[in-house]
Amino acid sequence: MLDTIFFYVFALLTIGGAIATITRRSAMHSALSLIVSLLGVAGLYLLQKAEFLFAVQIVLYIGGIMVLFLFVIMLVNLDQAAKERQFNRQWLLGLVASVLVGAQMVWMLNSAGVLSLPAAVPAPAATGPGNIEALADLLFREYLLPFEVASLLLLVAIVGSVMMAKKTS
Amino acid sequence: MDMLQAILAHPWFTPLLLTALIIGLFPLVAGYIVLVERKVLADMQVRLGPMRVGPHGLLQPIADALKLLLKEDIIPEESDKALFWFAPVISTFTALSAFCVIPFASGVYVADVNVGLLVISAMSSVGILGIVLGGWASNSHYSLLGALRSAAQLVSYEVALALALLSGVMAAGTLSMAGIVRAQQERHIWFIFDNYGLMLIPFVVYVISAVAETNRAPFDLPEAESELVAGFHTEYSGFRWALYFLAEYANIFVVSAVAVTLFLGGWLRPFPNVSWLELPFNYGFPALLFLLIGLGSLRLARKLTWRPHAIGMTGVGLFMILLAGVVLIPPVNAVVSSPFWFLIKVGGFVYLMIWLRGTFPRFRYDQLMNIGWKIMIPVALGAILLNAIVGMLRIS
Amino acid sequence: MLVNFTPPSASEYIRVLPEILLTVGGTILMIAEGLAGERHRRGLAPMALAFLLLALGGAVVAGMDPGPAFNNMLTVDGYATFFRLLVLIVGILSVLISGSYLTRENADSADYYALILFSLCGQSILASANELIMVFIGLEISSIATYVLAGFLRNDKRNNEAAIKYFLLGSFATAFLLYGVGWIYGVTGTTNLQEIHRFLTSSESVYSPLLVSACAAMMFVGFAFKVSAAPFQGWAPDVYQGAPAPVSAFMTAAPKAAAFAVFLRVYSIAFSGLTERWQPILWVSAMATMVIGNFAALRQDNIKRMLAYSSVAHAGYVMVAVVAHSEAGVAAAMFYLASYAFMNLGAFAIVTHYVGKGERYVGIDDMAGYARQQPLIAALFTWFLLSLIGVPLTGGFFGKFYVFKSAIDSNLIWLTVLGLLNSAVAAYYYLRIIVVMYFHEPTNETGAAGPVPAGVRLALIGSAIGVFVLGVMPSAVLEFANRSAMLSR
């Protein structure tokens, strides 16, 4: 019962935040709405007993990425952007297209029987090793290679962004 | 009686009681930390510090709090009102939330989750938002600059802080705060001395980053008075300013508590596994400490000329001596000795931070960033590598 | 503490040798630049070449001991080795033509070569990926490095446009791919290609074919973008035109080949049970890609843009082989991609040299009278263009031949007819360049290109030999392709 209430609260935060993110005019408010949305997601993780994901979601997305977002928003003068039209002229077309695709997806999921699945049951409270240990086992044994290669991905991204930001001689 | 038993045994009893205690008492504690800070700094600078309100200024925090509550609440005309209201709340809320995973003693915590340390990191990282938003919402140049500096500084030092914590977590093998202390008990060692002393490196990195993370001197650039008036909270006054203040001191308490838990044995007394030391450490030390404070207060009381002050000081002295007696009662001692050790260590750590403030001049901004990225992070990474290798060798 | 942990065996490390060498090489390049200072930049290209040759050797060594690596994340089979060698050779040729270009633009830097090496590493992972997670990571490494390379000359507006377009659209496409991967995991509970295949073909598993088709469709969006197949080809002309010429050469060959490699692998292993669902879509896409590429190329006056559209068209031909969905089709696609890599790099090598400082001479008319100034180079260019048309005795001919043969074998008569008609149309725009080079009078504006630098010369010789060998003795490569085309399910 309590879980259900919490689920709807977090779901509302997630979706409401996401909608506010794209509709707010001020970049600052958009970023804040995004934070709310991410917090909602973190809460959903917690409901699924994925504490590690919950904490990491907050540390990385809100404490790291979004703070840097805000940092950039504060540095850049966005007054001009706030005065521009917010949606481009094809917004009606875009809306129709996304509604169509959305409807199609719902229809497809429905006919695939996904929508009528029983409600998700949270994983039983971990006995023995907790989910951090389980996660570590997976990451460092089975998925060792992707884990390591992902660091190359990050390196490439860093080199790329440093190169783009470097002063031109 | 049965009902009382039932209430006491209820699993929610301790968490709720502790929550109420923390929320109710911490503002007072914060006020007294401020008083201690002012007194210690005054002592370092050969001054007396606050002396007027109460004997030796003992009631100063209460007067300050009253003043702040009664002050006019000013909201700048051009500010983003909603955010201006909300920003200090974020800071305070996150800082106090972090308390809920701190183990004050075995079994005395609001919650012992298996990601306790991460929850604290998470809360402190969300706390940055309060500062950033407050600075931005004020719509003032000083505030904005302070917020910008703060965002950059906190994000930078958070990395070093987390890396330093990682070394400790590796030694403990768990992220649960209580679990970390228990691991130290089982291993018969405080983690600061683990891995043949190599854990000292992450500890030092942690201390430095923690000072920076709490925006304190010598890393207090976000609120550098001489250049930014008061940084991100320039436009804040009254109660909202008090909330920021509360958050700052709560953060100091939290980082100290984390350091104590992870590196200094948490609620354990020194040498917790040597049973004959229980008497001197669990009974002798606290009793002696309170007794000395009490006697010292009585001596000071004699020198006070104004009668009410003298009476107050005598009262404090007598109370302390009474406390010294109380901790000697075995059942009471069994309950209070663990929290006592925890708090005394935290107190020592807080003193260290005040000491640092009194000693070091403020860094320049580029120096701050250089220290963060070019010294702290590499050193912390190196410490992880070193401790991982040494730790593995030690086990096998 | 370390219960039941078996560290990866030595042979598993050998199977990822090229990736290791490329990563180490890229890192060393960047460090070396920092240590040696700005004056020693001339040594960077040879150093990058040395690492690429090492990686090439590594790929050969890895190919000699085929098998899975790291919990089946990668599988090093003949197919993987083929594509690893292909992208590495493309990398070598691209580095050869880059040196003089970068010096001319005053933009010599280790970052460039390091990014090429990293990008190749991503492509090498793609070639051997056996797991959708690895597919995604490999694709991202390869793409992010190429996004940056496309905008390498930051003072050039065309570069900036190319980079930002490629980056935004590319990220969007990758998101679709990732979403598809997520759904597949939701449906089948695994991301391993063989296990997906097993799940989808097993009679016991319960799933909705519609849902799986949706996953396949979303992944198609991602892959089609990377190989510039219609309807996701829109970025290709702008990006290939705007990027620095050697980067365009690289992008049209290596990432495309790697993307096709993984495209083929995913569709012919994981989704092989659903062929009748995705085949019609790919059919339309292949047809549209050929038509759009060829007919748009007809109208271009900018030589880079023309080659860009031609690259789209060639992707269409390879798509025909994908639609064929047979071992012969896989082999044909492999052969086609190899021959296309050589002829396209050869053509781009000449363009790289010809366009001059700041890429001023990019019009087709600027080539007027080139045959008189540089008869040998013009002859080579003609040779590459003829191969692109698909004239017999060139690699392009056999490429098209095998592709259409595999299509006919799979009863794709109409697609074959359309493809052949398209090839005929394509002949027009390639021949136009030859006509301009040989029969038009040089104008004052042209002829700025001086003697051909050694690197470009080497690359030209290499590409020409490649085209020649594939055109005259295709059997060796084709046999290897045929042998490797049987992908283990």
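Residues numbered from 1 in each chain as written. Chains lettered and ligands numbered in written order. Predicted model: local features only at pLDDT ≥ 70, side-chain atom pairs only at ≥ 80, totals over all residues.

A. Representation of the overall build of chain C within the structure. Each helix and strand counted, chain C has 20 helices and 2 strands in total. What you see for chain C is a C-alpha radius of gyration of 22 Å, in line with the 23 Å of a compact globule of 489 residues. Taken over the C-alpha atoms alone, chain C extends approximately 75 × 60 × 40 Å along its principal axes. Per-residue burial over chain C gives 59% buried out of 489 residues. Of the contacts made within chain C by residues no fewer than 6 positions apart, 82% connect residues no fewer than 24 positions apart. (Helix = DSSP H or I, 4+ residues; strand = E, 2+ residues; numbered from the N terminus. Rg over C-alpha atoms; globule rule 2.2 N^0.38 Å. Buried ≥ 20, exposed ≤ 12 C-beta atoms within 10 Å, placed from the backbone. Contact = placed C-beta atoms within 7 Å.)

B. Quick look at the overall build of chain A. Of regular secondary structure, chain A possesses 7 helices and 0 strands. Residue burial in chain A is summarised as follows: out of 169 residues, 23% are buried. Within chain A, contacts between residues at least 6 apart in sequence are counted, and of these 59% link residues at least 24 apart.

C. Geometry of the nonpolar core. Ranked by size, the top nonpolar core spans 203 residues in total, and within it Leu-86, Tyr-113, Leu-117, Ala-257, Ala-333, Tyr-336 and Leu-337 of chain C carry the most contacts. For this core, the element with the highest residue contribution is helix H14 (residues 327-354) of chain C, accounting for 21 residues. In this view, Leu-337 of chain C contacts Leu-86, Ala-257, Phe-260 and Val-318 of chain C; residues no more than four positions away in its chain are not counted. Judged by nonpolar contacts, the second largest core, of 125 residues, contains Val-59 of chain A together with Val-126, Ala-242 and Ala-247 of chain B. (Core = buried A, V, L, I, M, F, W, Y, C linked by C-beta atoms within 7 Å.)

D. Representation of helix H2 (residues 17-36) of chain C. Relative to the 28 Å expected for 20 residues at 1.5 Å per residue, H2 of chain C spans 27 Å between its end C-alpha atoms, a close match to the ideal helical length. All of the buried residues in H2 of chain C are Leu-17, Pro-18, Glu-19, Leu-21, Leu-22, Thr-23, Gly-25, Gly-26, Leu-29, Met-30 and Glu-33 of chain C. Where the residues of H2 of chain C are buried, they touch helix H7 (144-165) of chain A together with helix H1 (10-15), helix H3 (44-64), helix H4 (78-104) and helix H5 (110-128) of chain C. (Expected span 1.5 Å × (residues − 1).)

E. How the structure looks around the environment of Arg-364 of chain B. With respect to the helices and strands, Arg-364 of chain B occurs in the loop between helix H13 (330-359) and helix H14 (365-395). Sequence-wise, Arg-364 of chain B and Val-336 of chain B are 28 residues apart; in three dimensions their C-alpha atoms are separated by 44 Å.

F. Focus on the packing of helix H13 (residues 303-324) of chain C against helix H18 (residues 413-439) of chain C. All names here are of chain C. Remark: H13 packs on H18, axes separated minimally by 11 Å, with the N-to-C direction vectors making an angle of 160 degrees. Accordingly, the angle class assigned to the pair H13 and H18 is roughly antiparallel. The two elements H13 and H18 meet at a crossing, and its hand is left-handed. On H18, the residues that touch Met-306, Ala-313, Tyr-317, Val-320 and Val-323 of H13 are Leu-415, Gly-419, Asn-422, Ala-426 and Tyr-429. (Axes fitted to C-alpha atoms, helices over the stretch in contact; angles between N-to-C directions. Parallel < 35°, antiparallel > 145°, perpendicular 65-115°, else oblique. Left-handed = near helix turned anticlockwise from the far one by under 90°.)

G. Inspection of the interface of chain B and chain A at higher detail. The interface is formed by 21 residues belonging to chain B together with 17 residues belonging to chain A. Looking at the side of chain B that touches chain A, the elements with two or more residues in it are helix H5 (116-137) and helix H6 (141-172) of chain B. Ranked by residue count, the leading element in the side of chain B that touches chain A is H5 of chain B, at 10 residues. The residue makeup of the side of chain B that touches chain A, split by class, is 17 nonpolar, 3 polar and 1 charged. (Nonpolar A, V, L, I, M, F, W, Y, C, P; charged D, E, K, R; others polar.)

H. The arrangement of the confidence of the model for chain C in detail. Of the residues in chain C, 97% have a pLDDT of 70 or more, and the chain-wide mean is 88. Reported for the predicted complex are a pTM of 0.87 and an ipTM of 0.89. (pLDDT = per-residue confidence, 0-100.)

I. Main features of the environment of Val-254 of chain B. Residue and element names in this part refer to chain B. With respect to the helices and strands, the residue Val-254 is situated in helix H10 (residues 238-263). In sequence terms Val-254 and Gly-130 are 124 residues apart; their C-alpha atoms lie 17 Å from each other. With sequence-adjacent residues up to four places away left out, Val-254 is seen in contact with Ala-95, Ala-98, Phe-99, Ile-102 and Ile-120.

J. Representation of the environment of Ala-178 of chain B in the model. Residues and elements named next belong to chain B. Tracing the sequence through the fold places Ala-178 in helix H7 (residues 177-187). Spatially, the C-alpha atoms of Ala-178 and Glu-278 are 21 Å apart, while their sequence positions differ by 100 residues. Here Ala-178 is in contact with Pro-103, Tyr-109 and Asp-112, once residues within four sequence places are set aside.

K. Structural context of unusual backbone geometry. Residue Pro-231 of chain C follows Ala-230 of chain C across a cis peptide bond; omega there is 0 degrees. Among the secondary structure elements, Pro-231 of chain C is positioned in the loop between helix H9 (209-227) and helix H10 (235-242). Even without being glycine, Val-46 of chain B reaches a positive phi, approximately 55 degrees. With a phi close to 55 degrees, Ser-228 of chain C is a non-glycine residue in the positive phi region. For Ser-228 of chain C, the location among the structural elements is in the loop between H9 and H10.

L. Region of interest: the packing of helix H6 (residues 132-150) of chain C against helix H11 (residues 245-270) of chain C. Residues and elements named next belong to chain C. The contact between H6 and H11 brings their axes to 11 Å, and the two run at 165 degrees. By the angle between their axes, H6 is roughly antiparallel relative to H11. When the axes of H6 and H11 are compared, the crossing they make is left-handed. On the side of H6, the interface is formed by Val-135, Ser-142, Thr-146, Leu-149 and Ala-150, while H11 contributes Val-247, Met-251, Pro-255, Ala-258, Val-262 and Val-266. Split into classes, the residues belonging to the contact of H6 with H11 amount to 9 nonpolar, 2 polar and no charged.

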